[in-house]
Amino acid sequence: PTPTPTHFSTPTPLDSTAPKQPFVIGVSGGTASGKTTVCDMIIQQLHDHRVVLINQDSFYRGLTLEEMKHVHEYNFDHPDAFDTEQLLECVEKLKSGMSVQVPIYDFKTHQRCSDSFRQVNASDVIILEGILVFHDVRVRNLMSMKIFVDTDADVRLARRIRRDTVERGRDINSVLEQYAKFVKPAFDDFVLPSKKYTDVIIPRGGDNHVAIDLIVQHIRTKLGQHDLCKIYPNVYVIQSTFQI
Ligand code: ADP
Ligand code: C5P
């Protein structure tokens, strides 16, 4: 393609001393849609950059003793189940180049580990993954790219049954009851409506290698623009569009 400059902005010197802002990506979708798998694939391809993954699950509130007595009545799929203020603070700090301590959540006990945290350092790319990461406008506004992993509900339920019985200490009846009572209604009420905010929808999750390659290419382009600023501090920006 021949680059065709269509308009010129007022020349702006690129400032090499300006702090480099990390590129923040949100990845959402229903339970067991393949969010974590997609994130891992992106991270693997970006091995030459500093990329960190923040899971919204880490910000689940620990249940009180009273809530533990009626755990089957607790809705883990409602936005109120998360400490969104703490999540917001964490991503804001990472975005401004600070390191953070992320809580560690245990799906078997429904509690956070009281004495240990995961140290997450400043990075080039921050990926925030979770069923409701697009629900709160303040969290959404921190993101430069929003991805929705779109996998059929029957595939997700089958994966969830396997995962929750094998890894999260549940029995099949409790998984099915929780799914019908809370998971599916909350998907319809909160997760699906947040799809409209996304930039990219990935059908079939981790099986969709073309979509993941395209996303990685886009991230590389964005990171490359940052690197150019560092290498050529006195270069002026000329905006142009490419005709294909
Ligand atoms: P999420 O983060 O959306 O809950 P995960 O990526 O953790 O989803 O996947 C949920 C479960 O489904 C995991 O056990 C994972 O190994 C499995 N899984 C994810 N993607 C695929 C796939 N494309 N094919 C088969 N199994 C998959
Ligand atoms: O990994 P995934 O996106 O599936 O994690 C979110 C799911 O975890 C929610 O659908 C919620 O029902 C479930 N969950 C749970 N028990 C907890 C916390 C979350 O079953 N203690």
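Please refer to the structure placed before this passage.
Residues numbered from 1 in each chain as written. Chains lettered and ligands numbered in written order. Predicted model: local features only at pLDDT ≥ 70, side-chain atom pairs only at ≥ 80, totals over all residues. Heavy atoms only, no water.

J.: So what exactly am I meant to see when it comes to the site of ligand 2 here?
T.: Thr31, Asp77, Tyr105, His110 and Arg160 are the nearest of the 17 residues found near ligand 2. Measuring from an oxygen atom of ligand 2, one finds a side-chain N or O atom of Lys35 at 2.9 Å. At a separation of 2.4 Å, an oxygen atom of ligand 2 approaches a polar side-chain atom of Asp77. For ligand 2, whose free accessible area comes to 480 Å², the fraction covered by protein is 98%. When residues of the shell around ligand 2 are traced back to their parent elements, those giving at least two are helix H5 (153-166) and helix H6 (172-191). For the shell around ligand 2, the per-class residue count stands at seven nonpolar, three polar and seven charged. (Near = heavy atom within 4 Å. Polar contact = N/O pair within 3.5 Å; in protein donor to acceptor, adjacent residues only side chain to side chain. Areas by Shrake-Rupley, 256 points an atom, 1.4 Å probe, with all protein chains shown as cover. Helix = DSSP H or I, 4+ residues; strand = E, 2+ residues; numbered from the N terminus. Nonpolar A, V, L, I, M, F, W, Y, C, P; charged D, E, K, R; others polar.)

J.: Explain the site of ligand 1 to me, please; I cannot follow it from the model alone.
T.: Taken together, Gly30, Ala32, Ser33, Gly34, Lys35, Thr36, Thr37, Glu129, Arg159, Arg163 and Asp207 make up the full set of residues adjacent to ligand 1. Contacts to ligand 1 include Ala32, whose backbone N or O atom sits 3.1 Å from an oxygen atom. Between Asp207 and ligand 1, the recorded distance is 3.0 Å, taken from a side-chain N or O atom to a nitrogen atom. Burial of ligand 1 by the surrounding chains reaches 67%, relative to a free accessible area of 550 Å². Where the shell around ligand 1 is concerned, the elements lending two or more residues are helix H1 (35-45) and H5. Per element, the largest residue contribution to the shell around ligand 1 is three residues, and it comes from H1. Split by residue class, the shell around ligand 1 holds one nonpolar, five polar and five charged.

J.: Teacher, can you tell me more about the packing of aromatic side chains here?
T.: Two measures describe an aromatic ring pair: the distance that separates the ring centres and the angle between the ring planes. Applying the stated rule across the entire model yields six aromatic pairs. With a centroid separation of 6.0 Å and an interplanar angle of 85 degrees, the aromatic rings of Tyr60 and Phe76 are classed as edge-to-face. In this pair, Tyr60 is assigned in the loop between strand E3 (51-55) and helix H2 (65-69) and Phe76 in the loop between H2 and helix H3 (84-95), connecting sequence segments 16 residues apart. Each member of the pair Tyr60 and Phe76 is classed as buried. Between the aromatic rings of Tyr60 and Phe82, the centroid separation amounts to 4.2 Å while the plane-to-plane angle is 25 degrees, which identifies the pairing as stacked. With Tyr60 in the loop between E3 and H2 and Phe82 in the loop between H2 and H3, this residue pair connects regions lying 22 residues apart in the sequence. Each member of the pair, Tyr60 as well as Phe82, carries the same accessibility label: buried. Put simply, the rings of Tyr60, Tyr74, Phe76, Phe82, Tyr105 and Phe107 pair up and form one aromatic cluster. (Phe/Tyr/Trp six-rings, centres within 6.5 Å; stacked < 30°, edge-to-face > 60°. Buried < 20%, exposed > 50% of the residue type's maximum accessible area, 1.4 Å probe, protein only.)

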